[in-house]
Amino acid sequence: MSTEDHPAPRSLAEALRGRDDASLAALLRSRPDLITPVPTDLTQLATRAGTRASVVRALERLDRFALQTAEALAVAGDPSSYDELLGLMAGDAREPEVSAALPAALAALREQALVWGADDRLRLVRTARELLAPSPQHPSPTGLGPSVREATAGMSPGRIQEIVATAGLPSTHDSVSAVDGLTALFTHRRKMKSLLAKAPAESLEVLERLVWGPPYGQVTHDPAPRLRWLLDRGLLLPTTPGTVVLPREVALHLRAGRAHRVPEPLPPAVEPAATHRPQVVDSTAAGQAYTALATVEELLKDWDEGGPAVLRAGGLSVRDLKRTAVALDVPEPVAAFWVELAYAAGLIASDGEADERYAATPAYDEWLERPAAERWVRLAQAWLAATRTSGVVGGRDAKERALSALGPGLDRSAAPEVRHRVLSLLAGLPEGAAPAPEAVLARLRWERPLRGPQAEDDLRSRLARWTLTEAELLGVTGRGALSAQARALIGASPTDPDKRPEPEGPGDKLPVHHHRTAASLASLTAPEQAVAAAAATRLLAPLLPEPLDHVLLQADLTAVAPGPLRRPLAEVLGVLADVESKGGATVYRFTPGSVRRALDAGRSASDLHAFLVQHSRTPVPQPLAYLIDDVARKHGHLRVGAASAYVRCDDDTVLNEILADKRADALRLRRLAPTVLAAQADPATLLEGLRAMGYAPAAESAEGDVLITRAHAHAHRTPPRTAPEPVPEGPPIPDATLLTAAIRAIRAGDLASTAPRKPTDTASPLAPGELPRTSSAETLATMQAAVLTGDALWIGYVNAEGAASQRVIAPVRVEGGFVTAYDHTADEVRTYPLHRITGVAELADD
């Protein structure tokens, strides 16, 4: 960085003031918390960029090498030079890979306003230095300890002089110069090598144990000779009683100048662990996508007449989740995934009734009418954007409360970003290639290293593992490789080179800052998402199995569906028979109860025979025909209506049998007429009771007509519901329009706060940020004069909410207690009440 044309900045605010609009936009885009709300000027932007919360958030979003660079600056001098930083990162040997990657890492730190200053005066922002510098309470990730100056801060001058003398240095008259001399010795490679050559082997072993950290050790009041030799020469320095520390300068000499044991300038490569033909991957994923659609339909069909009750605290009970898992024939964690996916897609919600239950939404019926490929795309898009995470179901929250499916506390804001990043890594591999899960996790840990003690089960790693599992369940991947339809859906289609992530492999030497990030894949605009969804639908549709219009009837009262059935056939068959097994082929079983269910739905025996003949590729077996005729012959022989309930039958002997049956005692029947029995049970209970006794009663209306029970007559739907909104991870990334307006406002506010004012004889100098103060008469006179001359003025203004600000305005008109002026701060013409202007000052001519 040249300083010939631009003087070196003296503060972060001055450094920001020297940036162009593109650089400021990059800063606000990478740290969106700085723009909420929009700062009034660059000084406020710099102050906000140095707050602890904002700096912590920025550090957490650095990749491992950029973070290592920041950690090295935290143990370097303040200010530091680029050469000093390069030595700390690349060591005395100047490792070529580290040297090549360092400029990009430093540029990233500068872009995010974590580092400022020219190359000869690099400064890490104060808050970041405090967070990353070594201290006894917060050890540095570098493993380095305090400097000689810091470690000797509380040491007596006499003891310091003893150390200097024993180390072979000339004595000095003050402790400061003595410490400087000791520091110079420890940072001089040749002199340190000569000093350590005289050290006993046991002393060198002590240094080797401390060199990479932790740098602290314990000693007794009478140290052993190997420790005494080191203490006498300052190679170990006492901190607290019984504790010694290895000074930073000594450790760096022993490390050959490197701040980190293993600098990691390049991201770990994500390489294929297995490779399949792309057609196999796509067809496998499509098959799983169809299974996903069938599973969601089965879940919603199971809840069609009202699903499980909502817990008082919200969510599904453990018992209901187990029951759902049994119904879907999947493990409970997988059942929780399907339930949460349907909820995220807006297909299920609570009904809001007094006895609150979960049920399908009206959007479910609309979803069912869409083609299968479109239905899958909607599920996949909901999964990509959802922050609710089914993987945490069964765990505990911070208050040790159980986390239940569909309940509160399941949102993990990082989930969408991790999902998109995992998929973008898969998209960077050749088509059909599947990576090892550990390679993906290693890459993610490099891109977002953990702060504090590293744990294998950190949230991002768990989210990545869940992503790989859920992507396979949903059909986003097939055999571990990303499918073509999923590539299109995330905007990484191989047919669009600009949207494909850069190759991930041994030959990829670009620093991570040049890669298309997951955030860019996750932030497709609405039109781009529509185009991506259409492309994914177009790719998936030909791969899904064509629905069949026939079944194979068996002599054992079963029907085999060799594939997915067309919706009308599947709906009628689902009423006429019970599903016995699922898989590649679905087996339906016909029972008296299932046939009666079809008759209750308004089908006659002839309708059922015709239906089976039309849709069976095999002849209708005789046992099945007999079953239908036998159930139909008895169906409706008994009639149940509302008295509160009654039974009537033309054959009084049947009623005599019912009265004599002890199983009818609970129905409390009594004869009203030879062909009519009255019951104190309601009609529905009476129907079920008689059916349990082996009869086939039919319900009738008040006019005596048989009531037809449609298969979906009791389908329960919630009122219209919207899908749950994802919980964002921090402020959203600002769009171009917002960035442009914000930068204009910040620069205008900065002009107002920094514009030079004409000196006056009466006005005392104002402190930075202080508003000008003038009397009402002076304000009015200055405004009127500026209207005539066209000069710009600096004003202090307090709005209706009491918020004070500084502005630069060019008055156009003053009348009726108001001034109309062009406001350079807002870049528009505005009108201000004069009584809200605290004061006014003229700007200097330059």
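Residues numbered from 1 in each chain as written. Predicted model: local features only at pLDDT ≥ 70, side-chain atom pairs only at ≥ 80, totals over all residues. Heavy atoms only, no water.

### Observations concerning the pattern of salt bridges
For clarity, the cut-off: Whenever Lys or Arg places a side-chain nitrogen within 4 Å of a carboxyl oxygen from Asp or Glu, that contact is recorded as a salt bridge. Under the scheme used here, helices are H or I runs from DSSP no shorter than 4 residues and strands are E runs no shorter than 2 residues, and both carry numbers assigned from the N terminus. With a 1.4 Å probe rolled over the protein chains alone, any residue whose accessible area is under 20% of its type maximum counts as buried; one over 50% counts as exposed, and the rest are partly exposed.
Evaluation of the coordinates by the stated rule reveals 34 salt bridges. The partner of D320 in a salt bridge is R323, and the shortest N-O contact between them spans 2.4 Å. Of this pair, D320 and R323 both sit in helix α17 (residues 318-328), three residues apart, which is roughly one turn of that helix. Overall, D320 belongs to the buried group, its relative accessible area being 12%. With a relative accessible area of 47%, R323 lands in the partly exposed category. One salt bridge connects E447 with R421, and the closest N-O pair in it is separated by 2.5 Å. Of the two residues, E447 sits in helix α22 (residues 437-447) while R421 sits in helix α21 (residues 415-427), which places them 26 residues apart along the sequence.

### Some thoughts on the packing of α17 against helix α18 (residues 332-344)
This is how it is decided: For every element, the axis is a line fit to its C-alpha atoms; helices are fit only across the contacting stretch, and the angle between N-to-C directions ranges from 0 to 180 degrees. Geometric relationships in this document are graded by angle, where less than 35 degrees denotes roughly parallel, more than 145 denotes roughly antiparallel, 65 to 115 denotes roughly perpendicular, and other angles denote oblique. Contacts between residues were defined by any pair of non-hydrogen atoms, one from each residue, lying within 4.5 Å. Amino acids outside the nonpolar list (Ala, Val, Leu, Ile, Met, Phe, Trp, Tyr, Cys, Pro) and the charged list (Asp, Glu, Lys, Arg) are all regarded as polar, and Gly is one of them.
Running from amino to carboxyl end, α17 crosses α18 at an angle of 95°, the nearest separation of the two axes being 9 Å. As summarised for this structure, α17 and α18 are arranged roughly perpendicular, according to the angle between their axes. Within the contact between the two elements, α17 uses L321, K322, T324 and A325 and α18 uses E332, A335, A336 and V339. Per-class residue counts for the contact of α17 with α18 are five nonpolar, one polar and two charged.

### Comments concerning the sheet that holds strand β22 (residues 804-815)
As a reminder of what qualifies: We treat two strands as partners when DSSP finds at least two bridges between them.
With antiparallel pairing, five strands are arranged side by side in an open sheet as β24-β23-β22-β21-β25. The open sheet is flanked by β24 (828-833) and β25 (837-842), the only strands paired with a single partner. Here the strands of the sheet are splayed against their neighbours by 45° on average, with no regard to which way each runs. Across the sheet, helix α34 (residues 776-789) lies against β21 (793-798), β22, β23 (818-823) and β25, angled at about 60° from β22, the strand it touches most.

### Considering empty space enclosed by the protein
In plain terms, the rule: The pocket and cavity definitions rest on a 1 Å grid over protein atoms only: a 1.4 Å probe that fits but cannot leave marks a cavity, an open set with protein on both sides within 12 Å along at least five of seven lines marks a pocket, and residues lining either have an atom within 4 Å of a point. Grid points are joined across faces, edges and corners, and a volume is the space filled by probe spheres set on the points.
Using the criterion set out here, one finds five cavities of 30 Å³ or more in the structure. In this structure, the largest cavity spans a volume of roughly 100 Å³. Among the elements that take part in the lining of the largest cavity, α18 stands out by supplying four residues, more than any other. Residues of the lining of the largest cavity, tallied by class, amount to five nonpolar, two polar and four charged.

### Side note on unusual backbone geometry
Residue P37 is bonded to the preceding T36 through a cis peptide linkage, with omega at -10°. Residue placement: P37 occurs in the loop between α2 (21-30) and α3 (42-49). Phi is positive for L557, close to 65°, though the residue is something other than glycine. Looking at the element boundaries, L557 is found in the loop between β12 (552-553) and β13 (558-561). By relative accessible area, which is 23% here, L557 ends up partly exposed.

### Observations regarding the packing of aromatic side chains
Filter applied, for reference: In summary, the pairing rule links any two rings of Phe, Tyr or Trp, Trp by its six-membered ring, whose centres are within 6.5 Å, and it sorts them by plane angle into stacked for under 30 degrees, edge-to-face for over 60 and tilted for everything else. Charge-over-ring contacts are defined here by two conditions on Lys NZ or Arg CZ: a distance within 6 Å of the ring centre and an angle within 35 degrees of the ring normal.
The final tally for this structure, using the stated rule, is four aromatic pairs. Judged by centre distance (4.8 Å) and plane angle (65°), the rings of Y797 and Y832 are edge-to-face. Linking Y797 in strand β21 with Y832 in strand β24, this pair joins segments that are 35 residues apart in sequence. The burial state of Y797 is the same as that of Y832; both residues are buried. Of note, R375 hangs over the ring of W367, and the distance from its end group to the ring centre comes to 5.4 Å.

### What about the side chain of T537?
This is how it is decided: Any pair of N or O atoms that falls within 3.5 Å is considered a polar contact. Within protein, one atom must be able to donate a hydrogen and the other to accept it, and sequence-neighbouring residues count only if both atoms are side-chain atoms.
Turning to its location among the elements, T537 is positioned in helix α26 (residues 526-540). For T537, a relative accessible area of 17% puts it in the buried group. Engagement of the side chain of T537 in a polar contact is seen with the backbone oxygen of A533, the distance being 2.8 Å. Contacts of T537, omitting those with residues within four sequence positions, involve A373, E374 and V377.

### Concerning the environment of T220
By secondary structure assignment, the location of T220 is in the loop between β3 (216-218) and α14 (225-232). A sequence separation of 23 residues divides T220 from T243, and the C-alpha atoms of the two residues are 8.5 Å apart. Side-chain polar atoms of T220 contact the backbone oxygen of D222, separated by 3.0 Å.

### Quick word on the sheet that holds strand β5 (residues 243-245)
Reading across the sheet, the three strands line up as β3-β5-β4 and stay open at both edges, with antiparallel pairing between neighbours. Two strands bound the open sheet, and with one partner strand each, they are β3 and β4 (237-238).

### Brief notes about the confidence of the model for the protein
Heads up, the rule is: Per-residue confidence from the predictor is reported as pLDDT, which spans 0 to 100.
Taken residue by residue, the protein gives an average pLDDT of 85. The fraction at 70 or more is 89%. Low confidence marks residues 495-521, where pLDDT is under 50. Its contacts with residues over four positions away, or in another chain, come to 59 contacts.

### Brief notes about the environment of G257
Inspection of the secondary structure assignment puts G257 in the loop between α15 (248-254) and β6 (272-275). For G257, a relative accessible area of 4% translates into the label buried. A C-alpha to C-alpha distance of 9.6 Å links G257 and L86, two positions 171 residues apart in sequence. Setting aside anything within four residues of it in sequence, one finds G257 in contact with G87, L88, G91, D92, R189 and L252.

### Considerations on the packing of helix α16 (residues 278-302) against α18
At their nearest, the axes of α16 and α18 sit 10 Å apart, and the two run at 85° to each other. By the angle between their axes, α16 is roughly perpendicular relative to α18. In contact with A292, T295, V296, L299 and L300 of α16, α18 contributes W338, V339 and A342. Across the contact of α16 with α18, the residue classes tally to seven nonpolar, one polar and no charged.

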